[in-house]
Amino acid sequence: MSTASVPVAAADRNLLFGILAVQMDFVSAEQLIAGMNAWVLDKRRPLGAHLIDAGALAADTRGLIDAVVEKHIQQHGGNVERSLAAVVRTAEAGPRQAEFRLGLSGIADAEVQTSLGHAAATPAGDRHATVAYPPRAAQESDGRFQVLRPHAAGGLGKVSVARDAELNREVALKELHDRHADHPDSRARFLQEAEITGGLEHPGVVPIYALGQYADGRPYYAMRFIRGESFAQAIERFHGEGEAKGSSAARVLQLRRLLARFLDVCNAIDYAHSRGVLHRDIKPGNIMLGQYGETLVVDWGLAKALGAAKDAATLPPEATIPIVQEPALKPLSGSGSAPTQMGSAIGTPAYMSPEQAA
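A brief report on the enclosed structure follows. (Residues numbered from 1 in each chain as written. Predicted model: local features only at pLDDT ≥ 70, side-chain atom pairs only at ≥ 80, totals over all residues. Heavy atoms only, no water.)

**Quick notes on the sheet that holds strand β8 (residues 287-290)**
Spatially, three strands are ordered β6-β8-β9 in an open sheet, and the strand pairing comes out antiparallel. The outermost strands of the open sheet, each flanked by one partner alone, are β6 (228-230) and β9 (295-297). Taken over all neighbouring pairs, the strand axes of this sheet differ in orientation by 25° on average, direction set aside. Contacting β8 and β9, helix α11 (residues 249-274) crosses the sheet at an angle of about 40° to β9. (Pairing = 2+ DSSP bridges. Helix = DSSP H or I, 4+ residues; strand = E, 2+ residues; numbered from the N terminus. Axes fitted to C-alpha atoms, helices over the stretch in contact; angles between N-to-C directions. Contact = heavy atoms within 4.5 Å.)

Shown next, in the form of structure tokens:
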């Protein structure tokens, strides 16, 4: 076997694991698609580990599915491709056909798509020419944004990868969770997040493309879909490789690159402070690293607009570029929510500033 075939074999096995897990009702189709997207970003760990990290699967259940995978491959002559093809044919016969076809075929990774080719499960034609998943979201956004697959979820909202029909590009579409959709305070916080993120026009802040609402009043907004990894993943990989390879000139260079990313974050946050905005949840998981040197601060859901920008006199002098201070950012939605009450915790404890913790 050539070294080039090893990653594809790993994708075959992970896909087999995921589809069997869905068929046995241990995980949902949405969780499988999210798990495969996580595996694409970190292929050193199997799909089962990513599903455990996401809280979608228990450790003992993973062991059970691993055993089923081994047995299934044995029943197909030890050939993982034939085993995968048989499982996908079964999946296509059931009610989850749309989830598998629309979700898995939308994962932008050559190895995953090769695995789907092995299973003969990829729809014919352009893999981007799909209907919305779920259909409701695409129809209600006036047809411009066509949801392709789930991407991530937080406490307040969920993010999907969607097709922007006007500009023919993939974007990230953020919506409120259904459980928060009718809560006025949740809607207000969501709108403020969109306004603050869109108002901070800086290379280190993810750009917002559109803000709208569905027929029932639920808000949504579209932003750039960042292809890359989080700062947390990059840091974890750096330390993992250091334990395996030891000190080297390449490792020093990699550390310098990470420090440069950190400086990019400092510049973005300094800009936000100059506009009177506090992020209040800065952590490696909320920093995305693009594939071409981009460093973007994301998830401004806990941000607070103080209404007072940094004094221009405190800004460092520049020899060639005159400083033109931008006004304080004041979202049209006002404060965005009820005031933070004394004693309540806002942010992630391990990354809180002393002022927040106090």
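**Re the pairing of strand β1 (residues 145-153)**
Pairing of β1 with strand β2 (residues 157-164) involves seven bridges; the strand directions are antiparallel. Looking across to β2, one finds that F145 is bridged to D164. Once β1 ends, the chain turns through three residues before running back antiparallel as β2.

**A look at helix α2 (residues 29-41)**
For α2, spanning 13 residues, the distance from its first C-alpha to its last is 19 Å, which sits close to the expected 18 Å at 1.5 Å a residue. Among all positions of α2, only A29, L32, I33, G35, M36, N37 and W39 are buried. (Expected span 1.5 Å × (residues − 1). Buried < 20%, exposed > 50% of the residue type's maximum accessible area, 1.4 Å probe, protein only.)

**Details of the pattern of salt bridges**
A full pass over the atoms with the stated rule returns 16 salt bridges. For R13, the salt bridge is made with E70, and the minimal N-O distance between the two is 2.1 Å. Of the two residues, R13 sits in helix α1 (residues 5-23) while E70 sits in helix α4 (residues 59-75), which places them 57 residues apart along the sequence. R13 gets classed as partly exposed once you look at its relative accessible area, which sits at 34%. (Salt bridge = Lys/Arg side-chain N within 4 Å of Asp/Glu carboxyl O.)

By themselves, these are just geometric observations and shouldn't be taken as functional.
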